[in-house]
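Topology and contacts: notes
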4 protein chains.
Amino acid sequence: MPTPKAASSRTPDATRRSERSRRAIYDAALALVAEVGYARTTVEGIASRAGVGKQTIYRWWPSKSAVLLDAYLDLTGQAGPEAQAGPEAQAGLEAQAGPEGGEERDEPAEPAEPAGLPDTGDLAADLKAVLRATVDELDDPRFEAPTRALTAEGVIDPELGARFVERLLEPQLRLYVRRLAAARDAGLLRPDADLRVAVELLVGPLTHRWLMRTRPLTHAYADELVDHVLRGIAPR
Amino acid sequence: MPTPKAASSRTPDATRRSERSRRAIYDAALALVAEVGYARTTVEGIASRAGVGKQTIYRWWPSKSAVLLDAYLDLTGQAGPEAQAGPEAQAGLEAQAGPEGGEERDEPAEPAEPAGLPDTGDLAADLKAVLRATVDELDDPRFEAPTRALTAEGVIDPELGARFVERLLEPQLRLYVRRLAAARDAGLLRPDADLRVAVELLVGPLTHRWLMRTRPLTHAYADELVDHVLRGIAPR
Amino acid sequence: MPTPKAASSRTPDATRRSERSRRAIYDAALALVAEVGYARTTVEGIASRAGVGKQTIYRWWPSKSAVLLDAYLDLTGQAGPEAQAGPEAQAGLEAQAGPEGGEERDEPAEPAEPAGLPDTGDLAADLKAVLRATVDELDDPRFEAPTRALTAEGVIDPELGARFVERLLEPQLRLYVRRLAAARDAGLLRPDADLRVAVELLVGPLTHRWLMRTRPLTHAYADELVDHVLRGIAPR
Amino acid sequence: MPTPKAASSRTPDATRRSERSRRAIYDAALALVAEVGYARTTVEGIASRAGVGKQTIYRWWPSKSAVLLDAYLDLTGQAGPEAQAGPEAQAGLEAQAGPEGGEERDEPAEPAEPAGLPDTGDLAADLKAVLRATVDELDDPRFEAPTRALTAEGVIDPELGARFVERLLEPQLRLYVRRLAAARDAGLLRPDADLRVAVELLVGPLTHRWLMRTRPLTHAYADELVDHVLRGIAPR
DNA sequence: ACATAATCGAGACGGTACGTCAGGTCTTTTT
DNA sequence: AAAAAGACCTGACGTACCGTCTCGATTATGT
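Let me begin by describing the structure that accompanies this report. (Residues numbered from 1 in each chain as written. Chains lettered and ligands numbered in written order. Predicted model: local features only at pLDDT ≥ 70, side-chain atom pairs only at ≥ 80, totals over all residues. Heavy atoms only, no water.)

What follows deals with the relation of the copies chain B and chain A. Mapping chain B onto chain A calls for a rotation angle of 179° and an axial translation of 0.0 Å; the resulting RMSD is 0.2 Å. Taken together, the rotation angle and the small translation identify this as a two-fold axis. A share of 97% of interface residues in chain B that are also interface residues in chain A marks the association as one of identical surfaces. (Least-squares fit on C-alpha atoms with pLDDT ≥ 70 in both. Contact = heavy atoms within 4.5 Å.)

Glancing now at the interface of chain C and chain D. At the junction of the two partners, chain C supplies 37 residues and chain D supplies 37 residues. For the pair chain C and chain D, the number of links is 4 salt bridges. Here chain C and chain D share 14 residue pairs in polar contact (both at pLDDT 80 or more) between them. Elements that contribute at least two residues to the side of chain C that touches chain D include exactly α7 (141-156), α8 (158-185), α9 (195-212) and α10 (219-233) of chain C. Element by element, the count of residues in the side of chain C that touches chain D is highest for α9 of chain C, at 12 residues. Class assignment of the residues belonging to the side of chain C that touches chain D gives a composition of 18 nonpolar, 8 polar and 11 charged. (Salt bridge = Lys/Arg side-chain N within 4 Å of Asp/Glu carboxyl O. Polar contact = N/O pair within 3.5 Å; in protein donor to acceptor, adjacent residues only side chain to side chain. Helix = DSSP H or I, 4+ residues; strand = E, 2+ residues; numbered from the N terminus. Nonpolar A, V, L, I, M, F, W, Y, C, P; charged D, E, K, R; others polar.)

What follows is about the packing of aromatic side chains. Per the counting criterion, the structure on display carries 5 aromatic pairs over all chains. The ring of Y38 of chain A has K64 of chain A sitting right over it, with the charged end atom 4.1 Å from the ring centre. Positioned above the aromatic ring of Y221 of chain B is the side chain of R209 of chain B, whose terminal nitrogen or guanidinium carbon lies 3.6 Å from the ring centre. (Phe/Tyr/Trp six-rings, centres within 6.5 Å; stacked < 30°, edge-to-face > 60°. Lys NZ or Arg CZ within 6 Å of the ring centre and 35° of its normal.)

All names here are of chain B. Within the sequence span of helix α2 (residues 43-50), burial applies to V43, I46, A47 and A50. Looking down the long axis of α2, one finds its buried residues gathered within 95° of arc, a one-sided arrangement. On its buried face, α2 is in contact with α1 (19-36), α3 (54-60) and α4 (64-76). Count one or two residues on from α2 and you reach G51, which has phi positive near 65°. (Buried < 20%, exposed > 50% of the residue type's maximum accessible area, 1.4 Å probe, protein only. Arc of directions from axis to C-beta.)

Turning next to the interface of chain B and chain A. Between chain B and chain A, the contact holds 38 residues from the first and 38 residues from the second. Of the roughly 3,600 Å² buried at the junction of chain B and chain A (both faces included), carbon and sulfur atoms supply 65%. By the criterion of area lost to chain A, the three top residues of chain B are V155, M212 and H228 of chain B, representing 18% of everything that side buries. Notably, a salt bridge pairs E200 of chain A with R209 of chain B, separated by 2.9 Å at the nearest N-O pair. At the boundary of chain B with chain A, the tally comes to 14 residue pairs in polar contact (both at pLDDT 80 or more). If you list the elements that add at least two residues to the side of chain B that touches chain A, you get α7 (141-156), α8 (158-185), α9 (195-212) and α10 (219-233) of chain B. At 12 residues, α9 of chain B tops the list of elements feeding residues into the side of chain B that touches chain A. Its residues assigned to classes, the side of chain B that touches chain A comprises 18 nonpolar, 8 polar and 12 charged. (Buried area = accessible area lost by both parts, 1.4 Å probe.)

Here's what the structure looks like:
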């Protein structure tokens, strides 16, 4: 059902791809979403603003949302090596990133792990700093529009949602888990605490407020969440 | 040409409204969203499936999402008296519900407060029961499709989101708060606990998992959340 | 093979049809063909020049050539009552014209029989006058462009060709035949002469020169043809 | 950017041309026109069916119709030495054919004069035989499709029409004229007869019937035309 | 009981965007 | 240097829906 028809033109040759066009498409897509919103952003509009043929978009992406996702990944610097892949890669949730590497790594590589959370020793302060930064980012219109658009689209389209989660959300959550694990290993947390759930208790409510707009997103709220959660997993 | 156009789309007479058509439109809208998804549900499709003229929809609702919201409210039994209001009412975030009532109530009227949370005296058990029921509901395809659709739409369209929150989400959250307040007043919770935040700590993570599909939604997860949150606001 | 897919929207209601739009479409089509030629005339261009939605064209005609044919019939005044018919009428070669007429005519109605050839008693002079007029018309750019376009299209598309012949060519040829028959009955022609072939001997070479542009089309040539043909069917 | 562009599409070197490709292109073009018709034959389709790059077609021909014309000339054996010329040669109506030949001919070379009409002494029989053969050829689907396509295209595009006439039609008409001239010189025709017009009286009606599909093309019709025309130019 | 008026089903209309096809140019690699 | 391959920009295709606008044909009162 989701895939309505077979791909018309067969798998294009990615090595011949125009880097110029890709950049222009990303820029146009992000600009349009920020300016007129996701619903009024059209593939045609992106193409024309990017000075690109519509077909050049359809050759490489299956849909408006896929374009925007890649543009957004590029914007946030998460654009991994897989970003080059053709449309078929967008369709399925590809097993794993790079097959070419034979090198052993203890970290499971995952799509482009970002920076890493600060670790000053003061867990509460570190978490608050990160959550406050998140709050600020969600207030920045440069990020807000595409993030809302992609989140909403992912809520409805499981395919896109999976890519969104895999490429953006999960890597971030893993950073939190790792920071918490460090604290736990240092004896600062209850040893049996479920760190994954703890992270979701931080991120879930924040996201909820932002998505639903039930209450203003503030630094104070971020602090409150951290305090609450740490209270729940502090050693007895 | 003859009619000066001013009267064209002007405030229809709600008393003359066809109940038959409204019901048919609700049914068609929900059925279509469940069958083909929100994006492929069209006003034209709803009209034709409901055996109704397109104009009959546009006369009473400003958009597809507004139709679906009312259909959904009707489905969940939240359909308050305001549901009859004309298009202009949908546009703005109306200040408060019914102006026509002069009757005094101690409960602040709010849009159609639902049942109320169980209160067996065992707070944890009550909360778990409710959250588990929520999990089940979110698994029921009859509810899942329109809920996702409306949530996603509300994420992007603040107008619709506000209505969604006001009519559906907030009333529910208030129930939680009230149940917690009862427990606090009974000395079962820390007196200074921020109950609103506590509720969000329950609902936020659950919603997050459901929206993002990061992990399966289970009863066990619901229980874990309750345990965690109560641990955070239990009396010292 | 010719009809690639079923009609998407079912047979529109001709009574609701906008006369304004039809006229505007005819005018735009003829103007464009005259200005930029048939190949560079597009449905999109006709629609936009006519101030009309594309769908309004596709609702009533199956193709650019069908539009142009009707526009041309309208221009030449051959537009019979059948011109109102929907797309399905374009597809098949409809049986016969107008059912609504109750008036008695000795001629079997046929698609809008035009004026009738002059009959001054001098057959040669009459034929020369008519052929010369034809030569002049084929030189008039107002007629030349669409006539060439429709002829060429009819050469390739048998469906359209049939309509072109039935509505335009055959009625004219019948006029010639009738004029010749009158002369034959007056004893001015060989009684066993095949008048149909005689007519084709007049019209065929003229058309040939015009289509192929082998030699200039002149009044002298028209006269020569008449002289030649009459010599062939004059009484012994 | 580096290359000044002037050299991009500039006069290719005909001596390096791939004969293999040309043949393949001709075959593909004729096959496609016969199979799917002219309108649905595309340059892209020809290229891919011929196993040839698109550019190879555009390098040597200016348009689809030009390719088809050359393919058709090749098919009918009329392909003169000029067929090798580059695009610019196609554009204008080139003055004369091949300069490279040193062989002496009394006939002024003209584009590849074909066989010549039979001359058994019986003019009527000879003409009937030839016209009947033409009727048969026009019934052969191998010839019909491209002939119709080229004729129609030539009706609209004067450039192509001129080439078509010059290379195909006129040489044939000249054969008729020559045969008639022989008969006239033998005293079998009126000495002042306009032989060119006589030929057009034979070919015009036949072509007319074929193009317009007004009546079936038969041997009987061919005979009738010959009889009629000869009656018109027989000695008094 | 009836005129009057508005809703209703239907669907044509001017539009916008869709996703596809092909045209003709260009670049890259191969022969 | 021509050729195969095919990406690219352009522009048109024919379709789907949008939201507005008539059209009769029911209702549905409110004097």
